[in-house]
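Fold and geometry: a report
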Amino acid sequence: MSEILFLAHRMPFPPNRGDKIRSHHVLRHLAKLAPVHVATFADDAQDLAEQPQLARIAASHCLVERRKSLVRAGVEALASGKPVSLTAFHDPALASYVAKVLAQRPIDTIYAFSGQMGQYIPASFSGRVVFDFVDVDSAKFEAYAASGRGPRRWIDAREGRLLAAEEARLARRSEVSLLVSNEEAALFRARLSPRDRTSCDVRALRNGIDSQFFDQALVRPAAPMLDQPGPRLIFTGQMDYAPNIAAAERAIGRILPLVRQQFPDATFHVVGRNPPEALLARHGQDGAWVWGGVEDIREWLAAADLALVPLDLARGVQNKVLEAMAMALPVVLTPSAATGIGGTDGSHYAVAQGDDDLAERVIALLHHRDQARQMGQEARRFVVEGMSWQATLAPLAGMLGMPEGRARHAA
């Protein structure tokens, strides 16, 4: 039986942030198709503690704790002419494991998750390569550079330029290149050369949602959030990620005050791991509450009246939006945050761009609770019927050259 090598820049367990949620479900799906060998990195002790979970699903694995500092990665990048994103994830032990697996096992497909892992695919490998870029990292760094200043602007511009070249190289190397949405796939194609655009197979593979898990009926609302005045607005996500920080600060500093003009007791709750000190300092001030990481995000979504997602920079499909929709919450969000979901404004969520418009959409839903409740119910119905992980990942078997519906017991 042919086997798969799965490369991921972060440990797919636990599935507690956007990229790890996607890689977790992809890995579990692949393990139903063939034995999978996994090479990946652990960011912290929590990742390392999940190693038994990885061992249960993988035929073999190599989990390397990533300790290289950003400064060291930057020095290596300047010396080698490579993107920092690559040098930060270069590790001899992981490279050795990849070489051993390819030499000793009947690997006919490499599934690489995120652009950092392309460096581990040897030129001599003659099998199938499926590359899951998720989103266009080079465009993200270019956006950072456009709004940046000083040395940081130069660093981000360099990273964007070098990553664009690496993305094109990997697209040429791969049988199929995957992006998280049709919009992201179109952006990726547009950045390729005319020749590569014609020859490279670039497709969308959307994120899904486990709607049986994300269900309000299964949890009790978080008591600490219920203790705060209402109506309660929520924003969730990994809070050491710059776009999430900017979105939370925007909501607290510019949108919430407008909402509180109509609803003086309205509160805004930021729930997610590793919020920076500047954001934590807003906790308990002027209706803002910053809770940090929590054990079960569903309890906090269940305690909210509305999800507010004012992202200015959003790449791909936002899991935070799908989770809120699955929990039957009305969601007010920017066009960027709605990208790739495919719902209808006014029915499945409410879209607005500027601060005033976002506040108006929030206020309207808070004034009309029946309409808000109906929007939440329609949102849940939408994701339950069309966005399960089983449905979104069904095309993978064909991409791997396997018959649709083929399955095996996970190793």
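For the structure itself, consult the block above.
The following paragraphs examine the structure supplied in this document. (Residues numbered from 1 in each chain as written. Predicted model: local features only at pLDDT ≥ 70, side-chain atom pairs only at ≥ 80, totals over all residues. Heavy atoms only, no water.)

**Points about the overall build of the protein**
We count it as follows: For helices the rule is a DSSP run of H or I covering at least 4 residues; for strands it is a run of E covering at least 2, with both sets numbered from the N terminus onward. C-alpha atoms define the radius of gyration, and 2.2 Å times the number of residues to the power 0.38 defines the globule rule. Throughout, exposure labels follow a simple rule: accessible area from a 1.4 Å probe, protein chains only, divided by the maximum for the residue type, with under 20% read as buried, over 50% as exposed, and the rest as partly exposed. We call two residues contacting when some pair of their heavy atoms lies within 4.5 Å. In this description, accessible areas are obtained by the Shrake-Rupley approach with a 1.4 Å probe, and a residue is regarded as covered only by the protein chains that are shown. We score Asp and Glu as negative and Lys and Arg as positive, and we do not count His or the chain ends. Think of each charge as sitting on NZ of Lys, CZ of Arg, CG of Asp or CD of Glu.
For the protein, the helix and strand inventory stands at 20 helices and 13 strands. The C-alpha atoms of the protein give 22 Å as radius of gyration, which agrees with the globular expectation for 411 residues (22 Å, within 12%). Summarising its shape, the C-alpha atoms of the protein cover approximately 65 × 50 × 45 Å along the three principal directions. The proportion of buried residues among the 411 residues of the protein is 55%. A sequence separation of at least 24 residues applies to 69% of the contacts in the protein between residues at least 6 apart. Here the protein has roughly 17600 Å² of accessible surface; of this, 50% comes from carbon and sulfur atoms. Taking the average location of the 47 positive side-chain charges in the protein and that of its 46 negative ones, the two points are 5 Å from each other.

**Looking at the pairing of strand β5 (residues 128-134)**
Operational definition: A pair of strands counts as paired when DSSP detects no fewer than two bridges linking them.
The element β5 is extensively covered by neighbouring structure, given that six of its seven residues are classed as buried. Pairing of strand β4 (residues 107-113) with β5 involves five bridges; the strand directions are parallel. Across the sheet, residue Phe113 finds its bridge partner in β5, namely Asp132. Relative to strand β6 (residues 176-179), β5 runs parallel, the two sharing four bridges. From the neighbouring strand, Val134 faces β6, where its bridge partner is Leu179.

**Describing the sheet that holds strand β8 (residues 232-236)**
Rules: To obtain each axis, a line is fitted to C-alpha atoms, and for helices this fit is confined to the stretch in contact; angles are then taken between N-to-C directions over 0 to 180 degrees.
Spatially, six strands are ordered β10-β9-β8-β11-β12-β13 in an open sheet, and the strand pairing comes out parallel. Each edge of the open sheet carries a strand with a single partner, namely β10 (288-292) and β13 (350-351). Across two bridges, strand β12 (residues 331-333) lies against β13 in parallel orientation. Following the sheet pairing, Val332 is matched in β13 by Ala350. Together, β8, β9 (267-271), β10 and β11 (306-309) form the strand contacts of helix α12 (residues 242-262), whose direction differs from that of β9 by roughly 170°.

**Some words on the packing of α12 against helix α17 (residues 355-367)**
Selection criterion: Roughly parallel covers angles under 35 degrees, roughly antiparallel covers those over 145, roughly perpendicular covers 65 to 115, and oblique covers all other angles. If you view the pair so one helix is near and one far, a crossing is left-handed when the near helix is turned anticlockwise from the far one by less than a right angle, and right-handed when it is turned clockwise. Classes in brief: Ala, Val, Leu, Ile, Met, Phe, Trp, Tyr, Cys and Pro nonpolar; Asp, Glu, Lys and Arg charged; the others, Gly included, polar.
Across the interface, α12 lies against α17 with an axial gap of 9 Å and an inter-helix angle of 45°. In terms of orientation, α12 lies oblique with respect to α17. Between α12 and α17 the crossing geometry is right-handed. Counting all contacts with α12, which are made through Arg250, Arg254, Ile255, Leu258, Val259 and Gln262, the residues of α17 involved are Asp355, Asp356, Leu358, Ala359, Val362, Ile363, Leu366 and His367. Looking at the contact of α12 with α17, its residues break down into eight nonpolar, two polar and four charged.

**Some details on unusual backbone geometry**
In the segment running from Phe13 into Pro14, the intervening peptide bond is cis, with an omega of -15°. Residue position: Pro14 is located in the loop between β1 (3-8) and α1 (18-31). Here the bond from Gly230 into Pro231 is cis, since omega is 5°, no more than 30 degrees from zero. Structurally, the position occupied by Pro231 is in the loop between α11 (223-226) and β8. Positive phi values are uncommon outside glycine, yet Asn274 reaches one of about 60°.

**Thoughts on the sheet that holds strand β3 (residues 60-65)**
What the seven strands build is an open sheet, ordered β3-β2-β1-β4-β5-β6-β7; its pairing is parallel. Single-partner strands in this sheet number two, and they are β3 and β7 (202-204). Here the average twist between neighbouring strands, direction ignored, is 15°. Of the strand pairs in this sheet, β1 and β4 are connected by six bridges, and their pairing is parallel. Looking at the pairing, Glu3 lines up with Ile107 of β4. Relative to β5, helix α8 (residues 150-173) is tilted by about 145°, and along the sheet it contacts β5 and β6.

**Description of the environment of Ile4**
The topology assignment puts Ile4 in strand β1. A relative accessible area of 0% means that Ile4 is categorised as buried. Along the sequence, Ile4 and Leu27 sit 23 residues apart, while their C-alpha atoms lie 10 Å from each other. Those residues within four positions of Ile4 in sequence are excluded, and the remaining contacts are Leu30, Ala34, Pro35, Val36, His37, Ile107, Thr109, Tyr111, Leu400 and Met402.

**Description of the nonpolar core**
Here is the rule: The set of buried Ala, Val, Leu, Ile, Met, Phe, Trp, Tyr and Cys residues whose side-chain atoms join them within 4.5 Å is what this entry labels a nonpolar core.
One finds Ile234, Phe268, Leu308, Val331 and Leu333 to be the most contacted residues of the largest nonpolar core, which totals 63 residues. The element that contributes the greatest number of residues to this core is α12, accounting for seven residues. Sequence-distant contacts of Val331, defined by excluding residues within four places in its chain, comprise Ala307, Val309, Val321, Ala324, Met325, Tyr349, Ala350 and Met375. One finds Val136, Ala171, Leu179 and Cys200 within the second-largest nonpolar core, a separate group that totals 36 residues.

**Description of a nonpolar patch on the surface**
Convention followed: Note that patches include only residues with greater than 30% relative accessible area and no salt bridge, and the join distances are 9 Å for like charges and 5 Å for nonpolar side chains (Val, Leu, Ile, Met, Phe, Trp, Tyr). Salt bridges are counted wherever a side-chain nitrogen of Lys or Arg sits within 4 Å of a carboxyl oxygen of Asp or Glu.
Residues Leu78, Trp154 and Ile155 make up a contiguous nonpolar surface patch of roughly 330 Å² in combined accessible area. Residue classification places Trp154 among the exposed positions, given a relative accessible area of 52%.

**A closer look at the packing of aromatic side chains**
The geometry of an aromatic ring pair is captured by the separation of the ring centres together with the interplanar angle, meaning the angle of the planes. What counts is decided by this rule: Aromatic rings from Phe, Tyr and Trp, taking only the six-membered ring of Trp, are treated as a pair when their centres fall within 6.5 Å; an angle between ring planes under 30 degrees marks them as stacked, one over 60 as edge-to-face, and anything in between as tilted.
Within the structure shown, the criterion is met by eight aromatic pairs. With 5.6 Å between their ring centres and 80° between their planes, Phe41 and Phe89 make a pair best called edge-to-face. One end of the pair, Phe41, is in strand β2 (residues 36-42); the other, Phe89, is in the loop between α5 (84-87) and α6 (92-104), and 48 residues separate them in sequence. Relative to Tyr144, the ring of Phe141 has its centre 5.7 Å away and its plane inclined at 85°; by these criteria the two rings are edge-to-face. One end of the pair is Phe141 and the other is Tyr144, both in helix α7 (residues 137-147) and three residues apart, which spans about a single turn.

**Digging into helix α4 (residues 70-80)**
This is how the line gets drawn: Note: the arc covers the axis-to-C-beta directions of the helix.
Taken together, the buried positions of α4 are Ala73, Gly74 and Ala77. Relative to the axis of α4, the buried residues are bounded by an arc of 100° and lie together on one face. In this structure, α4 carries Val71, Val75 and Ala79 as exposed residues pointing more than 90 degrees from its buried face. Turning to α4, the residues buried within the fold contact α5 and α8. With its phi angle positive at about 75°, Gly81 sits one or two positions after the end of α4.

The quantities given are spatial measurements derived from coordinates; they are silent on function.
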